[in-house]
Amino acid sequence: MSTARDKEKARLFTRRALLLGGGQAALMSVLAGRLYYLQVLQSDEYSMMADENRMNIRLLAPLRGRILDRTGTEVASNRQNFRVVLIREQTEDVEKTLDRLSVLVDVSEDDRLKVLKETRRKRGFVPIPVMENLTWEEFSRINVHSPELPGIHLEVGEKRHYPYGNLFAHTVGYVGAVSERDLRNLEPDPLLELPGFRIGKSGIEKYYDTPLRGTAGTSRVEANAYGRVIRELSRQEGDPGEDLELTIDVRLQNYAVERMGDESAAAVVLDIHSGDVLSMVSVPSFNPNSFTTGIGVKEWEELRSNPKNPLSNKAVTGQYPPGSTFKMVVALAALEAGVITPNYKVYCAGHTMLGKHKFHCWKRGGHGKLGLVDSIEQSCDVYFYDIARKVGIDKIAEMAEQFGLGDKLDLDLYGEKKGLIPTMAWKQARLGERWQVGDTFNAGIGQGYVLTTPLQLAVMTARLANGGKKIHPRLVRNKFGSVDGLDAGSVPEEMGISKSSLQYVLKGMYDVVNGRKGTARGAKLDLNDWEMAGKSGTAQVRRISKKERLTGVLKANERPWRERDHALFVAYAPYDNPKYAVSVIVEHGGSASKVAAPMARDLLAETLKLDPVGNAGPKSAWKLRGRDA
Amino acid sequence: MLRELGARETNLTLTKKILDLNWGLVLLICIVSSIGFMMLYSAASGDINPWASRQMMRFAAGMVVMFVVALTDIRIWLKLAYPAYAIALLMLGAVEVMGVIGMGARRWVEIGPIQVQPSEIMKIALIMALARYFHGLDMAEVKRITYLIPPLVLIAMPAALVLRQPDLGTTLLLVAGAGIVFFAAGVSLWKFGVVIGAAVPSAFFAYQFLHEYQQKRILIFLNPESDPLGAGYHIMQSKIALGSGGVFGKGFVQGTQSHLNYLPEMRTDFIFSMLAEEFGMVGGLVLFTLYFLLIAYGLAIAIRARNQFGRLLSVGLVGVFFLYFFINIAMVMGLVPVVGVPLPLVSYGGTSMLTLLVSFGLIMSVYVHRDVYISPRKY
């Protein structure tokens, strides 16, 4: 046994052990240094990252602004949407829970499969929608039984609702889910990304989507790594959308839709002083409520294939030849140009010749000798061929433009059509052909190239009735930023048409309804001592052939619906103190005086009864004692 | 004769042994383990169940085992060194043949109702066997290369088996722990230089044979931000937890990274991140200090021991303990790749707790029998 060796061994060991200890201490100080680096030097950066991890901003959808009619009645509102959701992790057996639920409410097989599929795909704490739009009875039934329905929760959301259904489908429009295209085209708004968020898809809902939408609120929540919300940290409520007030009167709108029945037709009622659109109807219509939750394929196909075209708003997108309703414009153009006087007379033999072409009057035997007022009353075509030729197409076009024809009226709707008022230059540019006198003849009776919309005809009538003031139609009474509207106090621009010229034309319109030979004498207004003035118009859908003329034109109701003429009527009332103007077009309606005129009269009568504008209009309005003219 | 050599009596009474136990070391172990209980209590969002309570029961059982080991005569441990190694090696072989597959690797064998992780047993058994081997060599023999071949075989066999499981982390721990015993035994420094010099090129070579997930771990370790949602997620979230803790931390049971589940494996491998998030740098440094004291205590016992077996056993076990601690902390701080090494005494887990307490039992046994003379040739 060697003690010396042992001692040496011990010394070597001690040395090495101390070296090891030193090495370990050195490594530990590396760790301490790293700790200092992470927790002191880089602490701010990592604190921020930790906050980014845990905090989540959630958007709170604002309540969409309501749309009211001019009396304050809601035509688009938000309705509580009762729905049932399922949270998987709170129930032991999803199938069993659904079975129990279907005892209380009718859960369709499709819904059931959809829920089961979703439960497999989503995390356990994510609520999965089971059913929407429950009735209050269903809602409370589930509520009472909730202890037996683990995982089933009831939620109350907001849903757009149109209480008047199809009455405002075209004007107010509807809302729908945000599409990929919307995301590309609309101004960026985080709300658009919110699941289930709805934006305006047509009509006023689309045009005023931004003010109606409001601004998003935010909720800062703490969420864990799986996305489950632990708690809300702070909440900032958004601003609800603004309420919008329409110029339309819901009572009148309702009346108009009912009055027009099953026709394919459009009508516009205007306040002639302010331009307020009191009613704008396009029938048939559709139920916008079907669109807010996503329309079914079958319903959509039915709407699309309907020949009466329920999806289009004929009042602003339908373009029709104005027919004889255009004659007031032609007459004013001739009078103002000085090519005729009110006493100018023309002999109507039932047709007139232009070279080898024969231009017919609607009355086969002819009207005989007629002056201006009489030719409007009886709608003599020959008279207007004559004066149209005298004044020329370009002067007619100028006058038509003054009355709002041939261009957009900038109503607050998308898709408004311009119509068409032809000129010589237009024909040359568009068709590459010279303007012919025959074209002027056709334009003189509102046929040929001339196209107008029902809204334009209503505006034309209003501008005639208010004594030549350039009122602009408007649908919304609020003023938003850049949107035009007529302020209550502002005075519309004068068109500069002489009062005497107007008086003769209006007298002609008075006689159309009230005269002995008036084309619409059957549509006389029989309400108090109010009288109306108007003008009928027929838009040919199909040319009348020579053979037909010889054998006698078939009566409207004898022809197939598609080939019947469009029936038009424009009117205003009361005649001696005008307030309201209306235009009516019945597609393939046949006789203007038998179909469109009574409709226009009834609309005016209802408008006068309701008197939505009341005494708000200017009292000293332009007065005209018709019978004295 | 023994007294002449300055050694104390070799036949100690039980009472004497108990009085002679390192109660300071016991106290340190209790404090560090209690920090673990606290963190497990926090991990359950302020509930002693389910983790803290189970860990405490394991700790209690482990303490009993530790005392039994500590009071057992060091010479018995010396005698058991080779048999223990042989059993552990057999069990590792059994894992290879009939092991239970978990987490994509074969690590456990089932003996009756209990699952045993032989690689954990081998960590102690290898140190014991190497200490036993070098105990029997004198200075001159240690210097000779031929005498180094048997211990290298002792290392190579379990290392190869563990690597096949595959468990790279444990393999490295075994090799590094063995290296510490070699170093303490007096193997000349240049030999280490040669081994390390050879290891670096062969590491590149071995890289090719690693599993894809192991290669990925190394690559992601080099740049964790490159893959924030994939495998780099663990390191990134751990660093965020540490960094956002700051100097004083977010407060007990207030860690957002941990309680909102951003921090992965927060009860086991990443428990330190949670501690440093809730108690900040102050908490982290307190824990470092406690570990430092534990290690220093172990080294002091090694230096104080009069028999080579005790010295090497103690220094080797302390070395393994240190390696656990260092690799775990370096890993959660993003200094070394994620290798799945628990934080000793703190991380949740029964096997590792038991292994560590047995290690401390052996270290205490070295202290209690520090003056026992054991002849190098006698056994």
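This structure is a prediction, so every number in the text was calculated from the model and none was measured.

Asks: Go over the overall build of chain A with me, naming the residues and quoting the values.
Replies: Tallying secondary structure elements over chain A gives 22 helices and 19 strands in all. By the burial criterion, 42% of the 629 residues in chain A qualify as buried. The long-range share in chain A, meaning contacts at least 24 apart out of those at least 6 apart in sequence, stands at 75%.

Asks: Now, about the overall build of chain B: what can you tell me, with residues and values included?
Replies: If you tally the helices and strands in chain B, you get 15 helices and three strands. The 379 residues of chain B split such that 49% are buried. Of the contacts made within chain B by residues no fewer than 6 positions apart, 71% connect residues no fewer than 24 positions apart.

Asks: For the interface of chain B and chain A, give the residues involved together with the corresponding values.
Replies: Of the residues lining the interface, 41 residues belong to chain B; the matching set on chain A comes to 34 residues. Mapped onto the side of chain B that touches chain A, the elements with two or more residues apiece are α8 (168–185), α11 (232–245), α12 (256–259), α13 (271–304) and α14 (308–332) of chain B. No other element matches α13 of chain B, which puts twelve residues into the side of chain B that touches chain A. Looking at the side of chain B that touches chain A, its residues break down into 26 nonpolar, twelve polar and three charged.

Asks: So what's going on with helix α18 (residues 437–444) of chain A? Residues and values would help.
Replies: All names here are of chain A. Taken as a whole, α18 has its buried residues at Thr440, Phe441, Asn442, Ala443 and Gly444. Against the buried residues of α18 lie α13 (327–337), β14 (351–354), β15 (357–360), α15 (381–391) and α16 (393–402). Following α18 by one or two positions, Gly446 adopts a phi angle in the positive range, close to 70 degrees.

Asks: An account of the environment of Leu149 of chain A is requested, with residue identities and associated values reported.
Replies: Residue and element names in this part refer to chain A. Examined against the element boundaries, Leu149 turns out to sit in the loop between α5 (136–144) and β5 (152–161). Accessibility expressed as a C-beta count within 10 Å gives 21 for Leu149, which makes it buried. When the C-alpha atoms of Leu149 and Arg100 are compared, they prove to be 7.1 Å apart, with 49 residues separating the residues in sequence.

Asks: An account of the nonpolar core is requested, with residue identities and associated values reported.
Replies: Counting residues in each nonpolar core, the largest one holds 128 residues, and the members touching the most others are Ala267, Leu270, Ile396, Val582, Val584 and Ala596 of chain A. In this structure, this core is formed jointly by two domains, domain 1 (58–245) and domain 2 (250–302 + 315–628) of chain A, each of which donates at least three residues. In this view, Leu270 of chain A contacts Gly275, Asp276, Val277, Leu278, Ala458, Val459, Ala462, Pro473, Tyr580 and Ala581 of chain A; residues no more than four positions away in its chain are not counted. Residues Val32, Ala70, Trp108 and Ile240 of chain B belong to the second largest nonpolar core, which totals 123 residues.

Asks: Requested: an account of the sheet that holds strand β9 (residues 229–236) of chain A, with residues and values cited.
Replies: Residue and element names in this part refer to chain A. Read from one edge to the other, the open sheet built from three strands follows the order β1-β8-β9, with strand pairing classed as antiparallel. The sheet terminates laterally at β1 (55–60) and β9, the two strands that pair on one side only. Strand after strand, the sheet turns through a mean of 30 degrees between neighbouring axes, direction not considered. Pairing of β1 with strand β8 (residues 217–223), which is carried by six bridges, proceeds in the antiparallel orientation. Paired with Arg58 across the strands is Ser219, a residue of β8.

Asks: Requested: an account of the sheet that holds strand β11 (residues 265–271) of chain A, with residues and values cited.
Replies: Within a beta sheet, neighbouring strands are joined by backbone hydrogen bonds and run either parallel or antiparallel to one another. Residues and elements named next belong to chain A. Taken in spatial order, the five strands line up as β12-β11-β19-β18-β17 in an open sheet, and their pairing is antiparallel. The sheet is open, and its two edges are formed by β12 (277–283) and β17 (533–539), each paired on a single side. Averaged over all neighbouring strand pairs, the angle between strand axes comes to 5 degrees, with direction disregarded. Pairing analysis gives seven bridges linking β11 to strand β19 (residues 580–586), with the strands arranged antiparallel. If you follow Ala265 over to β19, its bridge partner there is Val586. Taken strand by strand, helix α19 (residues 454–465) contacts β11, β18 (566–573) and β19, and its axis lies near 150 degrees from that of β19. Sitting on the sheet, helix α22 (residues 592–610) touches β11, β12, β17, β18 and β19, and the angle it makes with β18 is about 30 degrees.

Asks: Kindly report on the confidence of the model for chain B, identifying the contributing residues and their values.
Replies: Residue and element names in this part refer to chain B. In this model, chain B carries a mean pLDDT of 86, and residues with pLDDT of at least 70 account for 89%. Contacts from residues 1–7, a stretch scored under 50 in pLDDT, to residues over four places away or in other chains number seven contacts. Overall fold confidence (pTM) sits at 0.68, and the ipTM for the predicted complex is 0.89.

Asks: Account for unusual backbone geometry, naming residues and giving values.
Replies: Here the bond from Ala573 of chain A into Pro574 of chain A is cis, since omega is -15 degrees, no more than 30 degrees from zero. Residues Asn49 of chain B and Pro50 of chain B are joined by a peptide bond in cis, for which omega reads 0 degrees. Within the secondary structure layout, Pro50 of chain B lies in the loop between α2 (23–43) and α3 (51–71). Look at Ser379 of chain A: it is not a glycine, yet its phi comes out positive at around 55 degrees.

Asks: Explain the packing of helix α5 (residues 118–135) of chain B against helix α7 (residues 149–163) of chain B residue by residue, including any values.
Replies: All names here are of chain B. Relative to each other, α5 and α7 sit at 175 degrees, their axes nearing to 10 Å. Looking at the two axes, α5 sits roughly antiparallel to α7. Contact with α5, carried on its side by Ser119, Met122, Leu126, Ala129, Leu130 and Tyr133, involves Pro150, Pro151, Leu154, Ile155, Pro158 and Val162 of α7 and no other residues of that element. Considered class by class, the residues forming the contact of α5 with α7 number eleven nonpolar, one polar and no charged.

Asks: Before we move on, can you summarise the pairing of β8 of chain A with the specific residues and values?
Replies: Residues and elements named next belong to chain A. Inspection of the sheet shows β8 paired to β9 by six bridges, in the antiparallel sense. Opposite Arg220, over in β9, you have Ser234 as the bridge partner. Counting the residues that bridge the hairpin from β8 to β9 gives five residues, and of these Gly227 lies at a positive phi of roughly 90 degrees.

Asks: So, the environment of Gly338 of chain A: which residues are in play, and what are the values?
Replies: Within the secondary structure, Gly338 of chain A is located in the loop between α13 and β13 (346–348). Residues Gly338 of chain A and Val391 of chain A, 53 residues apart in the sequence, show an inter-C-alpha distance of 8.5 Å.

Asks: Outline the confidence of the model for chain A, listing residues and values.
Replies: Overall, the prediction assigns chain A a mean pLDDT of 87, with 93% of residues at 70 or greater. Within the model, pLDDT remains below 50 along residues 616–629 of chain A, and this stretch shows 22 contacts once partners closer than five positions in the same chain are excluded.

Asks: Tell me about α7 of chain B, and name the residues and values.
Replies: An α-helix turns once per 3.6 residues; consequently, residues spaced three or four apart project the same way. Residues and elements named next belong to chain B. Between its first and last C-alpha, α7 extends 20 Å over 15 residues, near the 21 Å set by a 1.5 Å rise per residue. Of all the residues in α7, the buried ones are Pro151, Leu154, Pro158, Ala159, Leu161 and Val162. Projected down its long axis, α7 shows its buried positions confined to an angular sector of 165 degrees, all on one face. Among the exposed residues of α7, those pointing more than 90 degrees away from its buried face are Ile149, Val153, Ala156 and Ala160. Next to the buried residues of α7 lie α4 (74–98), α5 and α8.

Asks: Mind laying out the packing of α5 of chain B against helix α15 (residues 350–368) of chain B, listing which residues take part and the relevant values?
Replies: Residues and elements named next belong to chain B. The contact between α5 and α15 brings their axes to 10 Å, and the two run at 15 degrees. One finds that α5 runs roughly parallel with respect to α15. Of the two elements, α5 crosses α15, and the hand of that crossing is right-handed. Residues Glu120, Lys123 and Ile124 of α5 form the contact with α15, whose participating residues are Thr351, Ser352, Thr355, Val358 and Ser359. Across the contact of α5 with α15, the residue classes tally to two nonpolar, four polar and two charged.

Asks: How would you summarise the pairing of β19 of chain A if you had to cite specific residues and measurements?
Replies: Residues and elements named next belong to chain A. Where burial is concerned, most of β19 is hidden: seven out of the seven residues are buried. Burial of the side chains of β19 extends over both faces: Tyr580, Val582, Val584 and Val586 are buried on one face and Ala581, Ser583 and Ile585 on the other. Bridging between β18 and β19 involves seven bridges; their strand directions are antiparallel. Residue pairing for β19: Val570 is matched across the bridge by Ser583. Connecting β18 to the next strand, β19, in antiparallel fashion are six residues.

Calculation rules
All residue numbers refer to positions counted from 1 along the written sequence of the respective chain. Chain A is the first chain written and ligand 1 is the first ligand written, with later ones labelled in order. Note on the predicted model: pLDDT of at least 70 is required for a residue's local features to be given, and 80 or more for side-chain atom pairs to be given and counted; whole-chain, interface and lining totals, by contrast, use all residues. Think of it this way: any DSSP run of H or I at least four residues long counts as a helix, any run of E at least two long counts as a strand, and we number them from the N terminus. Burial is judged by counting other C-beta atoms within 10 Å of a residue's own C-beta: 20 or more means buried, 12 or fewer means exposed, and anything between counts as partly exposed, with every C-beta placed from the backbone. We call two residues in contact if the C-beta atoms placed from their backbones are at most 7 Å apart. When residue character is reported, Ala, Val, Leu, Ile, Met, Phe, Trp, Tyr, Cys and Pro are called nonpolar, Asp, Glu, Lys and Arg charged, and the others, Gly included, polar. The term nonpolar core refers to a group of buried residues, namely Ala, Val, Leu, Ile, Met, Phe, Trp, Tyr and Cys, whose C-beta atoms join them within 7 Å. Segment limits for the domains were obtained from an automatic or database-derived domain assignment. Being paired, for any two strands, means DSSP has found at least two bridges between them. Each axis is a line fitted through C-alpha atoms, and for a helix only the stretch in contact is used; angles between axes span 0 to 180 degrees, taken between their N-to-C directions. Each residue carries a pLDDT score, the predictor's own confidence in it, on a scale running from 0 to 100. Working rule for angles: under 35 degrees goes down as roughly parallel, over 145 as roughly antiparallel, 65 to 115 as roughly perpendicular, anything else as oblique. Working rule for helices: expected span equals 1.5 Å times residues minus one. By definition, the arc is the one covered by directions from the helix axis to the C-beta atoms. By the definition used in this description, the sense in which the near helix is turned from the far one sets the handedness, with an anticlockwise turn below a right angle giving left-handed and a clockwise turn giving right-handed.

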